[in-house]
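Structural characterization, general
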Amino acid sequence: MDNAILITLSAQNALQRQMDVAANNMANISTTGFKAESILFEPITKKPASIVENPKTVTFVRDYTIARDFRPGTLQQTGNPLDVALTGEGFLSVGGGTQGTLYTRDGRLTLDPNGRLINHDGKPVLDNGGQEITIDGNRGPVQIAKDGNITQNGVSIAKLGVFVFNRPGALDKIGDNLLKPTQASGTASESQSYEVVQGMLEGSNVVAIQELTKIMEISRAFESATKLQRQAEDLKSKAIDRLGRVQA
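Figured I'd write up the structure that's included with this text. Bear in mind the structure is a predicted one, so any value in this text is a computation, not a measurement.

The phi angle at asparagine 153 is positive, at roughly 55°, despite the residue not being glycine. Since its relative accessible area comes to 62%, asparagine 153 is described here as exposed. Despite not being glycine, aspartate 176 shows a phi value in the positive range, around 60°. One can find aspartate 176 in the loop between β13 (172-175) and β14 (178-180).

Here it is as structure tokens:
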């Protein structure tokens, strides 16, 4: 296959992946604690099938990883005393059963029938020692301090676990707004630079106008690559046709 067609195919594949990520950002524009993502590309240089022709090498493009933007989202007041938003660095920790401890910026919390503090998906929220948190609703209103300390009537119950990683971008997304540590992300350690805001949630940090502009740019780039591919195919077809006439 001609080099021009191979190059346009690699560009189309990369642009399709970029479009998928941008569309996912738009779909999560209202998701609590969601962090915008973007594709990182790298060039790949290969020798063409025949080194007699010019150029001697051909450069393709491929996407090799997804980068996350961990800038904070806008805080939104809910009035629910169990909702919490994090400012600064860190993730809340939740029990993931067989998957181990998981992490999230989604602070939509509530109590199950047994008084356990759980996230929106029913997973138990953990304290800074990795233990589940139980709250007795009959002991009075719950107060959550900036350092994550949970009290009722002045009595400390537990402290929310807020943790950081050396490479948070390497955390593995497993769905439901949850992240799982990987070897590349490093192990969790307690955050020293955060504040917990009670009665509020952190919104998505996706900027709609930026994503819409990106989607339009991707669409135009894909159209250009498709047009170039058609031109290359037309030239190849004409060359074959003329060669057939000469041989005849």
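Aromatic rings considered in pairs are described by the distance between their centres and by the relative angle of their planes. With the rule as written, the count across this model stands at four aromatic pairs. Aromatic side chains tyrosine 103 and phenylalanine 163 sit 6.1 Å apart centroid to centroid with 75° between the ring planes, which places their arrangement in the edge-to-face category. Residue tyrosine 103 is found in strand β6 (residues 101-104), and its partner phenylalanine 163 is found in strand β12 (residues 162-164); the two are separated by 60 residues along the sequence. No difference in accessibility class separates tyrosine 103 from phenylalanine 163, as the two residues are buried. Pairwise contacts between aromatic rings join Phe70, Phe91, Tyr103, Phe163 and Phe165 into one cluster.

Reading the values: the criteria
For every chain, the first residue of its written sequence is number 1, and the numbers climb from 1 along that sequence. Selection of residues for local features in this predicted model requires a pLDDT of at least 70, selection of side-chain atom pairs for listing and counting requires 80 or more, and totals for whole chains, interfaces and linings are taken over all residues. Note: side-chain values were computed over all heavy atoms of the structure, leaving out hydrogens and water. Burial classification: accessible surface area is computed with a 1.4 Å probe over protein chains only, and a residue below 20% of its type maximum counts as buried, one above 50% as exposed, and the rest as partly exposed. Here a helix means four or more residues in a row that DSSP labels H or I, a strand means two or more in a row labelled E, and each is numbered from the N terminus. Aromatic rings from Phe, Tyr and Trp, taking only the six-membered ring of Trp, are treated as a pair when their centres fall within 6.5 Å; an angle between ring planes under 30 degrees marks them as stacked, one over 60 as edge-to-face, and anything in between as tilted.

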